[in-house]
Structure formats: C-alpha cells, structure tokens
Amino acid sequence: RPLDFVAWSLVLEMRLSLVFPIIFWAVRRFPAVRILAVSATIGVIGLVLTRHATSNTAPAATLVCQMYFVIGAIAARYESAIRRRYASIPRPVRWTLLLVALALYDDLLPGSTTLQILAGATGVFTVALCSVRAAWVLTQPLVHWLGRVSYSLYLIHPVILLTLVNALYPTYGFPVIAA
C-alpha cells in the first residue's frame, strides 16, 4: 500500500491535462448543449464501469471526472452570459440555490451520487463567479493563503496524519491528534 494515498488524484489530473486541449477545442467549436450531452454520456459510462470493475477503477474514474473540466471550460466560454443570467435571478432564489448547491456538494443528502456532487460544485462555482459578496470573501488575505497552501496540504496530509498517529497514539487520542 502506498504511504501517500492521495496520488490517485494526481493520476486523474495528469490524464485529464493530456486531453484538456481536446476538451477546450470541442467547447470552442460546438454548442454547449452538445458538449454537455457528450460529456454526461462519457461520465455515465465511467460510473457504470466504476461500479462493475473488479480491479482498477482509475481509468473509469477519469471518464467521470472529465465532466468537471468540461463544465469549467464551458463556464469560461460563457462567463458573461452566466453572469447576466445569475444577476436576473431574485436574491431569495439565489440563496436557495446556494444552499442546495452546498448540500449537494458536501454530500449531505442520503444516497448522494457523483453527479449530485458535480451539480453542487457547479452551483458553488457559479456563485463564486457571479456574486459580489462571494467575490469579496474570496479576495480576503486568509482565503488567498488557504488557496495557496490547500493543494500542498492535501497532497501531504496523509503522511502527516499517519506520522502523528504512529508517534503519539495511544498517549493522545485520535481526536486530539487529528486536531
């Protein structure tokens, strides 16, 4: 077993970075609805393959995760239209959409699926892109610092936690070590 068990995400990101030029080209060339339909079809195939795989599910997971890249590329292409549409939504509806997006993204609903989490992430991303309040929060120094260090911490957190558990347990309980 590998010591740093977050390496799976690096594999996905590397694969998707290799096909991103194709995604970008397709998003620039074809209508968004067509690209989303193709991406969703590929993603569902990946979900089916993941659930029925007997061993390595990483290639199938790559098919699922391409949807995040496609949605990001579409958002970049249609940013102005997305901002206009968001501005036309009444404030109470925006708050409701944000709460629903957070519930989907945080996997709070029983039986959440990858597609629900994707929908939630898309909603949260849309608010971050379009909301003046979200823009203010996201420009604060502490948030910038967290953004700079979060991926690095994500990559090394298993090594740090395992080291601390092995060095400090049972003298200190797991909740203290995790904190």
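Everything in this summary refers to the structure shown in the same document. Numbers given for residues are sequential positions, taken from 1 along each chain in its written order. Given that the model is predicted, a residue must reach a pLDDT of at least 70 before its local features are reported, and side-chain atom pairs must reach 80 or more before they are shown or counted; all residues, however, enter totals for whole chains, interfaces and linings. To obtain the side-chain values, all non-hydrogen atoms of the structure were included, while hydrogens and water were left out.

Let's shift gears to the overall build of the protein chain. From N to C terminus, the protein chain includes nine helices and zero strands. When the elements of the protein chain are put in sequence order from the N terminus, they spell out α-α-α-α-α-α-α-α-α. Dimensions of the protein chain, computed from the C-alpha atoms along their principal axes, are close to 55 × 40 × 30 Å. Burial status across the protein chain gives 22% buried among its 179 residues. Considering only intrachain contacts with a sequence separation of at least 6, the fraction spanning at least 24 residues in the protein chain is 64%. Total accessible area on the protein chain is roughly 12400 Å²; 71% of this is exposed by carbon and sulfur atoms. Taking the average location of the 14 positive side-chain charges in the protein chain and that of its 5 negative ones, the two points are 14 Å from each other. A helix here means a DSSP run of H or I that spans at least four residues, while a strand means a run of E at least two residues long, and both kinds are numbered starting from the N terminus. Note on classification: 1.4 Å probe, protein chains only; a residue is buried when its accessible area is under 20% of the maximum for its type, exposed when over 50%, partly exposed between these limits. Residues count as neighbours in contact if any of their non-hydrogen atoms are within 4.5 Å of one another. A 1.4 Å probe and the Shrake-Rupley method give the accessible areas. Residues count as covered only by the protein chains that appear here. Working convention for charge: Lys and Arg count positive, Asp and Glu count negative, and His plus the chain ends are omitted. One atom stands in for each charge, and that atom is NZ of Lys, CZ of Arg, CG of Asp or CD of Glu.

Take the pattern of salt bridges next. Counted as salt bridges are all cases of a side-chain nitrogen of Lys or Arg within 4 Å of a carboxyl oxygen of Asp or Glu. By the definition in use, this model includes one salt bridge. Close ionic contact of Arg83 with Glu79 constitutes a salt bridge, the shortest N to O distance being 2.9 Å. One end of the pair, Arg83, and the other, Glu79, are both in helix H4 (residues 79-87), four residues apart, so they sit about a helical turn from each other.

Once that is clear, we can look at the nonpolar core. For soluble globular proteins, nonpolar side chains are generally found buried alongside one another. To qualify as a nonpolar core, a set must consist of buried Ala, Val, Leu, Ile, Met, Phe, Trp, Tyr and Cys residues joined through side-chain atoms within 4.5 Å. Counting residues in each nonpolar core, the largest one holds eight residues, listed as Ile23, Ala26, Val27, Ala32, Ile35, Val70, Ala73 and Ile74. Contributions of two or more residues to this core are made by helix H1 (7-29), helix H2 (32-52) and helix H3 (58-77). In contact with Ile74, not counting residues within four places along its chain, are Val27, Ala32, Ile35 and Leu36. Judged by nonpolar contacts, the second largest core, of six residues, contains Tyr86, Leu98, Leu129 and Ala134.

To continue, consider the environment of Thr57. With respect to the helices and strands, Thr57 occurs in the loop between H2 and H3. For Thr57, a relative accessible area of 29% corresponds to the partly exposed category.

Time to look at a nonpolar patch on the surface. Taken together, the side chains of Leu153, Ile156, Ile160, Leu164, Leu168, Tyr172 and Val176 make up a nonpolar region of the molecular surface, amounting to roughly 580 Å² of accessible area. Counting residues per element, the nonpolar patch draws most heavily on helix H8 (residues 141-168), which supplies five residues. Assignment of secondary structure puts Leu153 in helix H8. Taking relative accessible area as the criterion, Leu153 reaches 44% and is therefore assigned partly exposed. Distance thresholds for patches are 9 Å for like charges and 5 Å for nonpolar side chains (Val, Leu, Ile, Met, Phe, Trp, Tyr), applied to residues having over 30% relative accessible area and no salt bridge.

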